[in-house]
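Understanding the architecture of this molecule
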Amino acid sequence: MTLEEKLAQLYGLWAGASGDGAEVAPHQHDNMEEPPALDDLLPTGLGQLTRPFGTLPVDPALGALSLLRTQTLIAAQNRFGIPALAHDECLAGFAAWGATAYPVPLSWGAAFDPALVREMAAAIGTDMRSVGVHQGLAPVLDVVRDARWGRVEETIGEDPYLVGTTATAYVQGLESAGIVATLKHFAGYSASRAGRNLAPVSMGARERADVILPPFEMAVRESGVRSVMHSYSDTDGIPSAADEELLTTLLRDTWGFEGTVVADYFGVAFLHSLHGVAAGLGDAAATALTAGVDVELPTVSAFGQPLRDTIAEGGLKTEFVDRALRRVLTQKAQLGLLDPDWSPVPAALGGADASLLGAVGDPGVGETAAGTETGVTAAVTEAGVAAAVTEGGVAAAVTEAAERLRGTVSLDSPANQDIARRLAEQAVILLRNDGTLPLDRPARIALVGPQAEVPTAVLGCYSFPVHIGSQHPGTPAGIALPTLREALAAEFPGSALVTAPGAGIDTPETDGFAAAVEAARDADVVIAALGDRAGLFGRGTSGEGCDAESLELPGVQQQLLDALLDSGTPVVVTLLAGRPYALGRAADEAAAIVQSFFPGQEGTPAVAGVLGGRINPSGRLPVSVPRLAGAQPSTYLAAPLGRAGGVSNIDPTPAFGFGHGLTYTSFAWSDLTVTEGTTATDGALELAFTVSNTGERTGVEVVQLYLHDPVASVVQPVQRLVGYARVELAPGQTARIGVRAPADLASFTGRDGRRIVEPGELELRLGASSADVRLTARWLLSGPVRRVDHTRELHTRITVES
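The rules behind each value
- Residues numbered from 1 in each chain as written.
- Predicted model: local features only at pLDDT ≥ 70, side-chain atom pairs only at ≥ 80, totals over all residues.
- Heavy atoms only, no water.
- Helix = DSSP H or I, 4+ residues; strand = E, 2+ residues; numbered from the N terminus.
- Rg over C-alpha atoms; globule rule 2.2 N^0.38 Å.
- Buried < 20%, exposed > 50% of the residue type's maximum accessible area, 1.4 Å probe, protein only.
- Contact = heavy atoms within 4.5 Å.
- Polar contact = N/O pair within 3.5 Å; in protein donor to acceptor, adjacent residues only side chain to side chain.
- Axes fitted to C-alpha atoms, helices over the stretch in contact; angles between N-to-C directions.
- Left-handed = near helix turned anticlockwise from the far one by under 90°.
- Nonpolar A, V, L, I, M, F, W, Y, C, P; charged D, E, K, R; others polar.
- Pairing = 2+ DSSP bridges.
- Salt bridge = Lys/Arg side-chain N within 4 Å of Asp/Glu carboxyl O.
- Phe/Tyr/Trp six-rings, centres within 6.5 Å; stacked < 30°, edge-to-face > 60°.
- Core = buried A, V, L, I, M, F, W, Y, C linked by side-chain atoms within 4.5 Å.
- Parallel < 35°, antiparallel > 145°, perpendicular 65-115°, else oblique.
- pLDDT = per-residue confidence, 0-100.
- Arc of directions from axis to C-beta.
- Right-handed = clockwise from strand over helix to strand, strands pointing away.

What follows concerns the overall build of the chain. If you tally the helices and strands in the chain, you get 23 helices and 29 strands. At 27 Å, the chain has a C-alpha radius of gyration in line with the 28 Å of a compact globule built from 802 residues. Relative to its full complement of 802 residues, the chain shows a buried share of 61%. Once local pairs closer than 6 in sequence are excluded, the contacts in the chain between residues at least 24 apart make up 79%.

A separate point is the environment of Gln558. Mapped onto the elements of the fold, Gln558 is located in helix α21 (residues 557-565). With relative accessibility at 8%, the residue Gln558 sits in the buried group.

Here the focus is the side chain of Arg226. In this structure, Arg226 sits in the loop between α8 (214-222) and β6 (227-230). Residue Arg226 is classed as buried on the basis of its relative accessible area, which comes to 16%. At 2.7 Å, the side chain of Arg226 and the side chain of Glu175 are in polar contact. Contact partners of Arg226, with chain neighbours within four places excluded, come to Glu175, Gly178, Ile179, Val180, Ala181, Phe257, Gly259, Thr260, Gln331, Gln334 and Leu335.

Moving on, we get to the packing of helix α6 (residues 160-176) against α8. Following both chains from N to C, one finds α6 and α8 inclined at 30°, their axes separated by 8 Å at the closest point. Like other packed secondary-structure pairs, α6 and α8 cross with a definite hand, here right-handed. In this structure, α6 uses Pro160, Tyr161, Val163, Gly164, Thr165, Thr168 and Gln172 to contact α8, whose residues at the interface are Pro214, Pro215, Met218, Ala219 and Glu222. Taken together, the residues of the contact of α6 with α8 sort by class into seven nonpolar, four polar and one charged.

Taken in spatial order, the three strands make up an open sheet running β24-β25-β28, and their pairing is antiparallel. Across the chains shown, the open sheet's two edge strands, defined by having one partner strand only, are β24 (748-749) and β28 (786-787). Pairing of strand β25 (residues 755-757) with β28, which is carried by two bridges, proceeds in the antiparallel orientation. Residue pairing across strands places Val757 opposite Arg786, the latter belonging to β28.

With respect to topology, five strands assemble into an open sheet ordered β19-β27-β26-β21-β22, the strand pairing being mixed. Strands with a single pairing partner mark the edges of an open sheet, and in this sheet they are β19 (678-680) and β22 (720-729). For this sheet the average axis-to-axis angle between neighbouring strands, irrespective of direction, equals 30°.

With respect to the helices and strands, the residue Leu42 is situated in the loop between α2 (38-41) and β2 (48-50). Residue class for Leu42 comes out buried when judged on its relative accessible area of 0%. Expressed as a C-alpha distance, the spacing of Leu42 and Gly136, which sit 94 residues apart in the sequence, is 24 Å. Apart from residues lying up to four places away in sequence, Leu42 is in contact with Leu73, Ile74, Gln77 and Asn78.

A word on the pattern of salt bridges. This structure, assessed with the given rule, holds 33 salt bridges. Notably, a salt bridge pairs Asp418 with Arg421, separated by 2.6 Å at the nearest N-O pair. One end of the pair is Asp418 and the other is Arg421, both in helix α17 (residues 414-427) and three residues apart, which spans about a single turn. Take Asp418: its relative accessible area is 30%, and that puts it in the partly exposed class. Across the pair Glu425 and Arg614 runs a salt bridge whose closest N-O atoms are separated by 3.9 Å. Within this pair, whereas Glu425 is found in helix α17, its partner Arg614 is found in the loop between α23 (603-612) and β18 (667-674), the two being separated by 189 residues in sequence. Exposure remark for Arg614: the relative accessible area of 47% places this residue in the partly exposed category. Sharing partners across several salt bridges, the network here consists of Glu119, Asp418, Arg421, Arg422, Glu425, Glu491 and Arg614.

Turning next to the environment of Asp264. Structurally, the position occupied by Asp264 is in the loop between β9 (260-262) and α10 (267-273). Setting aside anything within four residues of it in sequence, one finds Asp264 in contact with His185, Met229, His230, Tyr232 and Leu297. Within the local environment of Asp264, its side chain forms a polar contact with the side chain of Tyr232, the two groups lying 3.4 Å apart.

The next subject is the packing of aromatic side chains. According to the stated counting rule, one finds 16 aromatic pairs in the structure shown. With centroids separated by 6.0 Å and ring planes inclined at 80°, the aromatic side chains of Tyr161 and Tyr724 adopt a geometry described as edge-to-face. Residue Tyr161 is located in helix α6, and its partner Tyr724 is located in strand β22; the two are separated by 563 residues in the primary sequence. Judged by relative accessible area, which is 11%, Tyr161 ranks as buried. Judged by centre distance (6.0 Å) and plane angle (80°), the rings of Tyr636 and Tyr706 are edge-to-face. In this pair, Tyr636 sits in the loop between α23 and β18 while Tyr706 sits in strand β21 (residues 699-708), placing the two residues 70 residues apart along the sequence.

Residues Phe94, Tyr170 and Phe186 are the most contacted members of the largest nonpolar core, which totals 211 residues. Per-element accounting of this core gives the leading share, eight residues, to helix α3 (residues 60-77). Grouped together as the second largest cluster of nonpolar side chains are 29 residues, Trp669, Ala735, Leu762 and Trp779 included.

Quick look at the packing of helix α7 (residues 205-212) against α8 now. Following both chains from N to C, one finds α7 and α8 inclined at 45°, their axes separated by 5 Å at the closest point. Comparing the axis directions of α7 and α8 gives the class oblique. Only Pro214, Pro215 and Phe216 of α8 make contact with α7, whose side of the interface consists of Arg208, Ala209, Asp210, Val211 and Ile212.

To continue, consider unusual backbone geometry. A negative phi angle is the norm for most residues apart from glycine, just as the trans form is the norm for most peptide bonds. For the bond running from Phe186 to Ala187, omega is 0°, close enough to zero to count as cis. Within the fold, Ala187 resides in the loop between β5 (180-186) and α7. For the bond running from Leu297 to Pro298, omega is 5°, close enough to zero to count as cis. Along the chain, Pro298 falls in the loop between α11 (281-291) and α12 (305-312). Residues other than glycine seldom take positive phi values, yet Asp671 does so here, at roughly 55°. Positionally, Asp671 belongs in strand β18.

Confidence along the chain averages 92 in pLDDT terms, with 92% of residues attaining 70 or more. With pLDDT under 50 throughout, residues 359-395 is counted as low confidence; its partners more than four residues away or in other chains account for 59 contacts.

In this section: helix α20 (residues 513-521). Residues of α20 that are buried include every one of Phe513, Ala516, Val517, Ala519 and Ala520, and no others. Each buried residue of α20 sits inside an arc of 160° when the element is viewed along its axis, so together they form one side. The exposed set on the far side of α20, more than 90 degrees from its buried face, consists of Ala514, Glu518 and Arg521. Those residues of α20 hidden inside the fold are in contact with β13 (444-448), β14 (496-500), β15 (525-531) and α21.

On to the pairing of strand β3 (residues 85-88). Side-chain alternation along β3 places Leu85 and His87 on one buried face and Ala86 and Asp88 on a second face that is also buried. The sheet contact formed by β2 and β3 spans three bridges and is parallel. Each residue of the ladder has a partner; that of Thr50, found in β3, is His87. With α3 bridging β2 and its parallel neighbour β3, the resulting β-α-β unit is right-handed. Here two bridges tie β3 to strand β4 (residues 135-136), and the two strands are oriented parallel to one another. Bridged to Asp88 within β4 is Gly136.

Put into structure tokens, the structure is as follows:
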């Protein structure tokens, strides 16, 4: 391969699918110079196609047809017949028009159910693969360090173990469907100063090693992941895209990762334009390649002519290009893109008649295709494509064929909807309840608040209707999005339902308060519908670039809530939000509080089901809910000096701690037995205890195990999660829970920067939350200090015998 052909495999082109099934056109973006024409790139090939479905509202069948035709062009016009690798977003479902919108990752964490997340990811991956996509830009493994950060909704929570186990399950599901999963953002993005997007990160090496990196390490070791995306941020002055120690020494040489490292969008150019560590785009490209970045996304910039010039000037050895090329081509080979019988026809179009795919041209190609299982052409020749397209646009015959394909591919199957429903139901968290819930057929319900009648109130910023659909207001969402009012009307058919918005999500006006309070006074119960509007770069109150000054509810929602509390009618607070918020008086005075983190298209029926008692809530907090809006940054992983004390007038104690969540039944914990309370530093603690459902309803107890190390050579968090399990029990049913906790779980980064297990006394706290410890096992580690590495044990083994 020539140098130009090699480099072509290392960059992408942002080219959204055509709504009429024609070839894609380069996508213009605010952060991009004028993109090159596709035709200009074809002779040397193309490494990636960026977001063919996640750029415009396109019917899935026509999007698949458009991608098919584009792939045919790419393969036909480079010397080696290499097609592009197509990637798209899939953070809370495939980001395509009409695709199922699942709960956001923060709700995955709330479910404490990796198996269900794995099932969801497999469904997402199957849909993506069916229309010709190869790579998904998910999951996010950033650990929440400051809840003011706008992208909290994209994270799984504030605990590394919860993040790691859940994200690993997601990757396993996505990869099982043949989709290349992408771990992001590697590493430290969520630890930015003041919770600002793309701000500097000032954490030390120990926090990075013990909080930020473990989820990535777990996923690399256990999930089969094949791609990693670098972070935008710089840590102590070193941008991740330029960090060879991170991207090569740790990720590859130590952890053994063999896949591709892709740039976060425009991240290579940012080394020059934002970070100022590169003199120009060519220098930025050389710096990134040397560090270990293999692919520039979303489109060709630094890895194009600037890199060619730098190499010609002796600024980069071609061995770094060859290294990245081997990784890219190896991945394409794994995906079958280099197979002699590769076909551009995706599974979703496999049963379509060849004529509908615009497959005209070389008769020999058509004859070959007629004998395949799909019965469609395996390739469309350059001449054939030219015949199908006129100078003025898509030929009339092709347009007619495209219209016959429209609506033939569904990305929102009943099976998908069932997964979305189950995950949404498991992720609803009951924070507070004075006995008002479940509601017993109230005669009159006042539904008050800005989230009452907004269909997209359940969606995060990377869902298609918000991310792309918001730019096309005349286009339907493509999926059913029942409002909270509609869900409550279905859940309480005998109740009169009065709605008053009261206020906007983030507007300052209070004109609607009077009508809202009047509706509340005339009702038997008030349901306050509060929360966030997802958006991008300041267009929402949650989402990428939508950071918060404090954790007070946006706009005047807190004032509205206080007015409702003063109405004299019991107030049930419902939150459809992307981050936790301080709730002021409501934390103690509300009749009940129901928290849901953007629960997806099945979210409002799930919330309504909890309010009415059809669903017994089982969600648990993946992030702490603060009591004070300004006591940030704060997470439950705080060291002793991060807790309340007499030396500061600010008390960061949360209103509701990590892992908290109530149910409509009760559980008793008892009969703790410890097999051996003293073990060596390479041993394991074994214990067992009993959990019984002492209530009148079937319910789920989420058993949580926390490690407390009272004396260590470096400061430790007061406690941290090392294991958990969902235990479902019928009334009167008992389960015996067995635990094997390896001493490796007590490891941390010592003073010399190496991970160690120290002798000494530990506590294994068994609880219903980080603030509700039910049983405690003493554990004495004996023997010498032991060094451990990336091969250490990462999990507590928990068994449940009913």
